[in-house]
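Close look at the chain arrangement
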Amino acid sequence: MSSARLSQGDVLRMSSLFVRTLREDPAEAEVASHKLLVRAGYIRRAAPGIYSWLPLGLRVLAKIEAIVREEMTAIGGQEVHFPALLPREPYEATGRWEEYGPNLFRLKDRKEADYLLAPTHEEMFALLVKDLYSSYKDLPVILFQIQTKYRDEARPRAGLIRGREFVMKDSYSFDVRDEGLEVSYQKHREAYEKIFTRLGLDYVIVSAMSGAMGGSRSEEFLSPSAIGEDTFVRSPGGYAANVEAVVTPVPEAIPYDDAPAAHVEDTPDTPTIATLVDLANEKFPRPDRPWTAADTLKNVVLALRHPDGTREVVVVGVPGDREVDLKRVEAALSPAEPEAATDEDFARFPQLVKGYIGPQALGPQGEQVEGPDGEKVPAVRYLLDPRVVPGTRWITGANEQGRHVFDLVAGRDFTSDGTVEAAEVRPGDPAPDGSGPLELARGIEMGHIFQLGRKYAEALGLQVLDENGKQAVVTMGSYGVGVTRALAALAEANHDDKGLAWPAHVAPAHVHLVATGKDAAVFDAAAALADDLAARGVEVLYDDRPKVSPGVKFKDAELLGAPLIVVVGKGLADGLVEVRPRAGEAEQLPVAEAAAAVAERVATLLA
Ligand code: ATP
Ligand code: MG
């Protein structure tokens, strides 16, 4: 019998286990994992995005952590543990005290000194290595922790999936040379593949944006799921990226010597792109082909919240057949956070005529441009989609109510303050590497690996003596796994309308053993079976409650989600017990053989 994985069995008795199952979904829960983890008594909400852990929840969490820990240790990672409560100074040194903006929990001690609850720990790891190491001979080193993080997320949601307190495995690699960082990164990539495979979570590795972290190469491990907040793209040729990281292929500039001069036209009642295109085709037809939405330049007004608290109004120009994707803008302009402009924002810039904004009214920051009544007003920063290359011809707003300008040529009639990846990515768009049309899907970000490079080491003075006796700035990698998020993603991927249905290797117990009826012989036989299973290394959740109906017990078994359900009841009179997988067919087994047979099945499930 392959019982190698069965080592430490135990028996949890429902009569004394600290759990209360609920029949009703918690009011605030939207996704299945959140509802079921609360209903099954794994977690309880303490505050928005903050949860208390009950015994069953902790057992699952410990198993996930054990898998993560084993794979990190296997690549040479050494476990350490940092406080969550940290002083301001290291984060000040790297600029993140400010850059993190409202996502950072900041607090003061009694002496009015600034502290924070760490959202991630690059600074502390770098300082620890700086404290203790001084030579290239000490490197490479990989350090990790499994630890609680704090982020004051704007939208905590889906229970553990986006919490404000959550457990992350974070590791950091330290190397002298770039090639060393490449090796450390690759080791993590492989460790993550093993972790998610062992957890039984589907994953896709996608190119990612490094965002506020800086650094160069970065990839995410996304678990495909309809409830995921990330959108990713894939091409037939193997390109895969978070939609935030998709770089638009830039078309060749077009000669515009022969382009007609720009002309302003009356376009009454054209509040939408569709109405504008219809009117253009009716009144100003093109000789070569009809106008389409892609010929219009849509100028969208956004407000950027900068980490220092300032609010900047910017205009983003995209082809009119595409929406602005705020998550792409956010990734592109991080750490600034974009949002839709308010009426107050518009009021500050009278040259922005809602619905009829054109590039002519925009311009470089700090400069003055002509307002609607000929007065001077401050210019608004204008960022363009990369497709708007010199020579492209556009219909766009004329900065006057009910009027548009036609044949406005980029590079001839207007310029911008730069480009921005603001436009949505659509199915069928070409992959940036030429590997075919993109398809889109949603996923949950389970892990993220970064080549940070020397930014943090530089800011914190982390140097070692290299082979030539010269000071060399260390290059770092940073690698995270969302541990509590993984638990929720597993619940999300493994449930039905009755409850949770854990894979055996993360289930709080392997077997849910139910004793039914009032017969003392039944309870004696069930208790003996529980002990026998435990002795064989099986973890048993034994429902020994004397006065609870079989119906309630079965419902609880299905809600709690152990992979095997064993019933000792009426059949015992004929020497039989029932065994069935959480979502499968029941089978009758002779009671004398039950322990060995069930242990064998558990071993198979764990293999
Ligand atoms: P997201 O884009 O989902 O906000 P992130 O990119 O900010 O995540 P990282 O800084 O890369 O997150 O953190 C590493 C890992 O920690 C993520 O891949 C994710 O699995 C997990 N994680 C991040 N934020 C949360 C959160 N609020 N709740 C639970 N897990 C989280
Ligand atoms: Mg990330």
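Residue numbers here run from 1 along each chain, matching the order of that chain's written sequence. All chains are assigned letters beginning with A, and all ligands numbers beginning with 1, in the order in which they are written. At least 70 in pLDDT is required for a residue's local features to be given in this predicted model, at least 80 for side-chain atom pairs to be given and counted, and no such filter applies to totals for whole chains, interfaces and linings, which use all residues. To get the side-chain values, all heavy atoms of the structure are used, and hydrogens and water are removed first.

1. Description of the overall build of the chain
The test is simple: Counting from the N terminus, the helices are DSSP H or I runs at least four residues long and the strands are E runs at least two residues long. Only protein chains enter the accessibility calculation, which uses a 1.4 Å probe; a residue is then buried when its area is under 20% of its type maximum, exposed when over 50%, and partly exposed in between. Every residue pair with non-hydrogen atoms within 4.5 Å of one another is taken to be in contact. Working definition of accessibility: Shrake-Rupley area with a 1.4 Å probe, residue cover restricted to the visible protein chains. When charges are counted, Lys and Arg contribute as positive and Asp and Glu as negative, whereas His and the chain ends are disregarded. To locate a charge, the coordinates of NZ of Lys, CZ of Arg, CG of Asp or CD of Glu are taken.
Of regular secondary structure, the chain possesses 14 helices and 33 strands. In terms of principal-axis extent, the alpha carbons of the chain reach across some 95 × 70 × 50 Å. Expressed as a percentage of the 607 residues in the chain, the buried residues total 53%. The contacts of the chain with a sequence gap of at least 6 include a subset with a gap of at least 24, amounting to 69%. Taken as a whole, the chain presents about 26500 Å² of accessible surface, with 51% of it coming from carbon and sulfur. Charged side chains of the chain number 67 positive and 93 negative; the gap between the two group centres comes to 5 Å.

2. Looking at the environment of leucine 85
Counting through the fold element by element, leucine 85 comes out in strand β5 (residues 85-87). Taking the C-alpha atoms as reference, leucine 85 lies 22 Å from glutamate 65; in sequence the two are 20 residues apart.

3. Quick word on the site of ligand 1
Here is the rule we go by: We call a residue near a given molecule or strand whenever any one of its heavy atoms falls within 4 Å of it. Throughout this description, a polar contact denotes any pair of N or O atoms lying within 3.5 Å of each other; where both atoms belong to protein, one of them has to be capable of donating a hydrogen while the other can accept it, and for residues adjacent in sequence the pair is counted only when both atoms sit in side chains. All residues other than Ala, Val, Leu, Ile, Met, Phe, Trp, Tyr, Cys, Pro, Asp, Glu, Lys and Arg, Gly among them, are scored as polar; the first ten of these are nonpolar and the last four charged.
Inspection of the region around ligand 1 gives 14 residues, with Arg151, Glu153, Arg162, Gly163 and Glu445 positioned closest. Here arginine 151 contributes a side-chain N or O atom positioned 2.9 Å from an oxygen atom of ligand 1. In the complex, 85% of the free accessible area of ligand 1, which totals 580 Å², lies under the protein chains. Those elements that place two or more of their residues in the shell around ligand 1 are β9 (165-175) and β23 (439-453). Classifying every residue of the shell around ligand 1 by side-chain character gives five nonpolar, four polar and five charged.

4. Looking at the domain arrangement of the chain
Note the threshold: Note that domain bounds follow an automatic or database assignment of domains. Values labelled buried area give the accessible surface lost by two parts on being combined, using a 1.4 Å probe and summing over both. For this document, the term salt bridge refers to a Lys or Arg side-chain nitrogen within 4 Å of an Asp or Glu carboxyl oxygen.
Domain annotation for the chain reports domain 1 (3-20 + 508-606), domain 2 (57-246 + 439-492) and domain 3 (263-419). A straight line from the C-alpha centre of domain 2 to that of domain 3 covers 38 Å. Tallying the contact residues gives 11 residues for domain 2 and 11 residues for domain 3. Regarding the contact of domain 2 and domain 3, the summed buried area is about 880 Å², with carbon and sulfur atoms giving 53% of it. Linking domain 2 with domain 3 are zero salt bridges, by the criterion used here.

5. Some words on helix α14 (residues 591-606)
Selection criterion: Expected helix span is taken as 1.5 Å per residue step, with the number of steps being one fewer than the number of residues.
If you check α14, its first and last C-alpha atoms are 23 Å apart, about what 16 residues at 1.5 Å a residue would give, namely 22 Å. The set of residues buried in α14 consists of Ala594, Ala595, Val598, Ala599, Val602, Ala603 and Leu606. Among the structural elements, β29 (511-515), α12 (520-535), β31 (564-568), β32 (576-581) and β33 (587-590) are those in contact with the buried residues of α14.

6. Topic: the pattern of salt bridges
Under the criterion given, the structure shown has 52 salt bridges. Across the pair glutamate 28 and arginine 45 runs a salt bridge, and its minimum N-O distance is 3.8 Å. Placement of the pair is glutamate 28 in the loop between β1 (10-13) and α1 (32-39) and arginine 45 in strand β2 (residues 43-47), with a sequence separation of 17 residues. The partner of glutamate 539 in a salt bridge is arginine 59, with the nearest N and O atoms 3.7 Å apart. Taken together, the positions of glutamate 539 in strand β30 (residues 539-543) and arginine 59 in helix α2 (residues 55-74) put the pair 480 residues apart, joining distant regions of the chain. Note on accessibility: glutamate 539 and arginine 59 belong to one class, buried. Through salt bridges with shared partners, a single network forms among Arg305, Arg311, Glu337, Glu339, Asp345 and Arg348.

7. A word on the nonpolar core
To be explicit about the condition: What is meant by a nonpolar core is a set of buried Ala, Val, Leu, Ile, Met, Phe, Trp, Tyr and Cys residues, joined one to another through side-chain atoms within 4.5 Å.
Leu37, Tyr42, Ile64, Tyr192, Phe196, Leu199 and Trp502 are the most contacted members of the largest nonpolar core, which has 58 residues in total. Only α1, α2, β8 (141-150), α6 (178-199), β23, β26 (475-482), α11 (483-493) and α13 (550-560) provide two or more residues apiece to this core. Domain assignment of the residues forming this core places at least three in each of domain 1 (3-20 + 508-606) and domain 2 (57-246 + 439-492). If we skip the residues at most four places from it in the chain, phenylalanine 196 touches Leu201, Tyr203, Phe221, Met446, Gly447 and Val481. By size, the runner-up hydrophobic cluster in this structure holds 29 residues, among which are Tyr100, Leu104, Leu116 and Phe450.

8. Overview of the packing of aromatic side chains
The line we're drawing: We call Phe, Tyr and Trp rings a pair once their centres come within 6.5 Å, taking the six-membered ring for Trp, and we label the pair stacked below 30 degrees between planes, edge-to-face above 60, and tilted otherwise. For a lysine, the NZ atom is tested; for an arginine, the CZ atom; a charge sits over a ring if that atom is within 6 Å of the ring centre and within 35 degrees of the ring normal.
Applying the stated rule across the entire model yields 11 aromatic pairs. Ring centres of tyrosine 42 and tryptophan 502 lie 5.8 Å apart, and the angle between their planes is 45°; this geometry places the pair in the tilted category. With a gap of 460 residues between them, tyrosine 42 in the loop between α1 and β2 and tryptophan 502 in the loop between β28 (499-500) and β29 connect regions that are remote in the sequence. A cation over an aromatic ring shows up here: arginine 106 above the ring of tryptophan 97, its NZ or CZ 5.2 Å from the ring centre. Between arginine 286 and the ring centre of tryptophan 291, over which it is positioned, the NZ or CZ distance is 4.9 Å.

9. Looking at the pairing of β30
Regular strands show a simple pattern: their side chains alternate between the two faces of the sheet. The criterion, for reference: Strands are treated as partners if at least two bridges between them are detected by DSSP. Seen with its strands pointing away from the viewer, a crossover is right-handed when the path leading from the first strand over the helix to the second is clockwise.
Here β30 lies mainly inside the structure; five of its five residues are buried. Where burial is concerned, the two faces of β30 agree: the one with Glu539, Leu541 and Asp543 and the one with Val540 and Tyr542 are both buried. Examined bridge by bridge, β1 and β30 share four bridges and lie parallel to one another. Bridge pairing in β30 places arginine 13 opposite tyrosine 542. Across four bridges, the pairing between β29 and β30 is parallel. The partner of valine 511 across the bridge, within β30, is valine 540. Crossover β29 to β30 through α12 is right-handed.

10. Concerning the sheet that holds strand β14 (residues 263-266)
Basically, it comes down to this: Helix axes are fitted to C-alpha atoms over the stretch in contact, other axes to C-alpha atoms as well, and angles between N-to-C directions run from 0 to 180 degrees.
Read across the open sheet, the three strands follow the order β14-β22-β21; overall the sheet is antiparallel. Both outer strands of the open sheet, β14 and β21 (393-400), are each paired with one neighbouring strand and no more. The average angle at which neighbouring strand axes cross in this sheet is 30°, direction not considered. Across four bridges, β14 lies against strand β22 (residues 403-409) in antiparallel orientation. Looking at the pairing, aspartate 266 lines up with arginine 403 of β22.

11. Structural notes on the environment of alanine 158
Within the secondary structure, alanine 158 sits in the loop between β8 and β9. Alanine 158 sits in the buried class, given a relative accessible area of 8%. Separated by 109 residues in the primary sequence, alanine 158 and glycine 49 place their C-alpha atoms 8.6 Å from one another. The contact partners of alanine 158, leaving out residues within four places of it in the chain, are Val31 and His34.

12. Regarding unusual backbone geometry
Of note, the amide linkage connecting leucine 139 to proline 140 takes the cis form, showing an omega dihedral of 5°. Mapped onto the fold, proline 140 is located in the loop between α5 (122-132) and β8. Each neighbour pair has its own omega, and for serine 334 with proline 335 the value is 10°, a cis peptide bond. One can find proline 335 in the loop between α8 (326-333) and β17 (337-340). Phi at alanine 158 is positive, roughly 55°, even though this residue is not glycine.

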